[in-house]
Amino acid sequence: MARANPDSHAELPSDPDVAARASRPLHLRPSALAWVFAGGVVGTALRYYGEVLLPHDGAAWPWATFGINLVGAFVLGALLEALARLGDDSGWRLRARLFAGTGVCGAFTTYSTFALEAVLLTRNGHLGTAIAYGLVSVVGGVLAAWLGIVVASAVHRRRVDS
């Protein structure tokens with residue numbers, strides 16, 4: 001037989017530090033920052049090697065940054081769609097979003113390099129290429145993210161239907 005709880009405030013956690021950690025905003029939680037940092041290390045390394053493989057000379061289309069940003073947008077769209085379909089943003093799904101979404105994809109993709117390369121193209125007399133690069137990158141990024149969402153959604157439907 002279960003004994004009655006003599007504590008009239010059973011709804012409150014017994015450890016006030018537990019309540020403080022649970023109510024602390026995500027960006028102030030050391031564990032969340034660690035997941036983002038770890039993912040950022042991975043994303044930065046991947047971007048670095050991509051830029052080493054296809055360096056930009058300021059005169060031609062910046063293929064490395066262009067490809068990196070499109071791949072990153074696709075992966076982020078697919079990841080967030082998949083995680084959303086799997087359940088609420090907590091537990092391992094939260095850690096996966098922080099690590100892979102914010103960390104890896106955030107460090108892998110690069111707006112600053114994209115902007116710098118557009119400026120270099122313009123400065124080196126390739127205004128048309130710079131404008132095309134800007135437009136195609138932005139529109140392509142939106143389409144890549146949308147395609148990632150569509151692919152993750154289709155994969156989810158196949159799993160549910162089978």
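Predicted, not measured: the structure shown is a model, and the values here were computed from it.

Student: It is not clear to me how the pattern of salt bridges should be interpreted in this structure. Could you clarify?
Tutor: Pairs can form between side chains of opposite charge once their charged atoms are near each other. Counted by the stated rule, this structure contains three salt bridges. Between Asp88 and Arg93 there is a salt bridge, and its shortest N-O distance comes to 2.9 Å. Among the ionic pairs, Asp89 bridges to Arg97, the shortest N-O distance being 2.7 Å. Given the relative accessible area of 22%, Arg97 is considered partly exposed.

Student: Please explain the side chain of Thr65 as it appears in this structure.
Tutor: If you trace the backbone, Thr65 turns up in helix H3 (residues 63-86). The class for Thr65 is buried, based on a relative accessible area of 0%. The contact partners of Thr65, leaving out residues within four places of it in the chain, are Glu51, Thr110, Thr113, Phe114, Glu117 and Tyr133.

Student: It is not clear to me how the environment of Ala34 should be interpreted in this structure. Could you clarify?
Tutor: By secondary structure assignment, the location of Ala34 is in helix H2 (residues 30-53). Distance from Ala34 to Phe99, taken between C-alpha atoms, is 8.5 Å for residues 65 residues apart in sequence.

Student: Just to check I follow, could you spell out the nonpolar core for this structure?
Tutor: The tendency in soluble globular proteins is for nonpolar side chains to be buried as a group. Among the nonpolar cores identified, the biggest contains six residues, and these are Phe66, Phe114, Ala118, Leu121, Ala130 and Tyr133. If you list the elements that add at least two residues to this core, you get helix H5 (111-123) and helix H6 (127-161). For this core, the leading source of residues is H5, giving three residues. Non-local contacts of Tyr133, meaning those with residues more than four positions away in its chain, are made with Trp61, Pro62, Thr65, Phe66, Phe114, Glu117, Ala118 and Leu121.

Student: So what exactly am I meant to see when it comes to the packing of H2 against helix H4 (residues 91-108) here?
Tutor: Helices that pack against each other are described as a pair by the angle of their axes relative to one another and the distance between those axes. Remark: H2 packs on H4, axes separated minimally by 6 Å, with the N-to-C direction vectors making an angle of 35°. With respect to the hand of their crossing, H2 and H4 are arranged in right-handed fashion. Facing H2, whose interface residues are Ala32, Trp35, Val36, Ala38, Gly39, Gly40, Val42, Gly43, Thr44, Leu46 and Arg47, H4 presents Arg95, Leu98, Phe99, Thr102, Gly103, Val104, Ala107 and Phe108. Across the contact of H2 with H4, the residue classes break down as eleven nonpolar, six polar and two charged.

Student: What am I meant to see in the packing of aromatic side chains here?
Tutor: Centre-to-centre distance and the angle between the planes together describe a pair of aromatic rings. Taken as a whole and judged by the stated rule, the model has eight aromatic pairs. Between Trp61 and Trp63 the ring centres are 5.8 Å apart and the planes differ by 40°, which places this aromatic pair in the tilted class. By relative accessible area, Trp63 is classed as exposed at 54%. Among the aromatic residues, those joined into a cluster by ring pairs are Trp61, Trp63, Phe66, Tyr111, Phe114 and Tyr133.

Student: Is there a simple way to explain H4 in this structure?
Tutor: Since one α-helical turn is 3.6 residues long, residues separated by three or four positions face the same way. Over its 18 residues, H4 extends 24 Å from the first C-alpha to the last, a length consistent with the 26 Å expected when each residue adds 1.5 Å. Along its length, H4 reaches its greatest deviation from straightness, about 25°, at Arg97. Restricting attention to buried positions, one finds in H4 the residues Arg93, Leu94, Leu98, Gly101, Gly103, Val104, Cys105, Ala107 and Phe108. On its buried face, H4 is in contact with H2 and H3.

Student: How do you make sense of the confidence of the model for the chain when you look at a structure like this?
Tutor: As a general rule, the predicted coordinates of low-pLDDT regions are not to be interpreted in detail. The predicted model of the chain has a mean per-residue pLDDT of 90, with 86% of residues at 70 or higher. Summarising per-element confidence for the chain, the mean pLDDT is lowest in helix H1 (residues 16-23) (59) and highest in H3 (97).

Student: So what exactly am I meant to see when it comes to H3 here?
Tutor: Over its 24 residues, H3 runs 34 Å from end to end, which matches the ideal 34 Å to within 8%, given 1.5 Å per residue. Looking at H3, one finds that the buried residues are Ala64, Thr65, Phe66, Ile68, Asn69, Gly72, Ala73, Gly77, Ala78, Leu79, Glu81 and Leu83. At its buried positions, H3 is contacted by H2, H4, H5 and H6. Of the residues one or two after H3, Gly87 is the one with positive phi, at around 145°.

So, how was this worked out
- Residue positions are counted from 1 within each chain, in the order its sequence is given.
- Given that this is a predicted model, residues contribute local features only at a pLDDT of at least 70 and side-chain atom pairs are listed and counted only at 80 or more, while totals for whole chains, interfaces and linings are drawn from all residues.
- Water and hydrogen atoms were dropped before computing side-chain values, which therefore reflect all heavy atoms in the structure.
- The rule for a salt bridge is simple: a side-chain nitrogen of Lys or Arg has to be within 4 Å of a carboxyl oxygen of Asp or Glu.
- Categorising residues by exposure relies on relative accessible area from a 1.4 Å probe, with only protein chains included: less than 20% of the type maximum marks a residue as buried, more than 50% marks it as exposed, and the intermediate range marks it as partly exposed.
- Numbering of helices and strands runs from the N terminus; a helix is a DSSP stretch of H or I covering at least four residues, while a strand is a stretch of E covering at least two.
- The contact criterion used is simple: two residues touch if any of their non-hydrogen atoms lie within 4.5 Å.
- In plain words, nonpolar cores are sets of buried Ala, Val, Leu, Ile, Met, Phe, Trp, Tyr and Cys residues tied together by side-chain atoms within 4.5 Å.
- Fitting a line to C-alpha atoms yields each axis, with helices limited to the stretch in contact; the angle taken between N-to-C directions then spans 0 to 180 degrees.
- The sense of a crossing depends on the near helix, which, turned anticlockwise from the far helix by less than a right angle, makes the crossing left-handed and, turned clockwise, makes it right-handed.
- Throughout, the ten residues Ala, Val, Leu, Ile, Met, Phe, Trp, Tyr, Cys and Pro are labelled nonpolar, Asp, Glu, Lys and Arg are labelled charged, and all others, Gly among them, are labelled polar.
- Here a Phe, Tyr or Trp ring, Trp counted by its six-membered ring, pairs with any other such ring whose centre lies within 6.5 Å, and the pair is stacked when the planes are under 30 degrees apart, edge-to-face when over 60, and tilted otherwise.
- A helix is expected to span 1.5 Å multiplied by its residue count minus one.
- Fitting one axis to the seven residues ending at a residue and another to the seven starting there, the bend at that residue is the angle between the two axes.
- Per-residue confidence from the predictor is reported as pLDDT, which spans 0 to 100.

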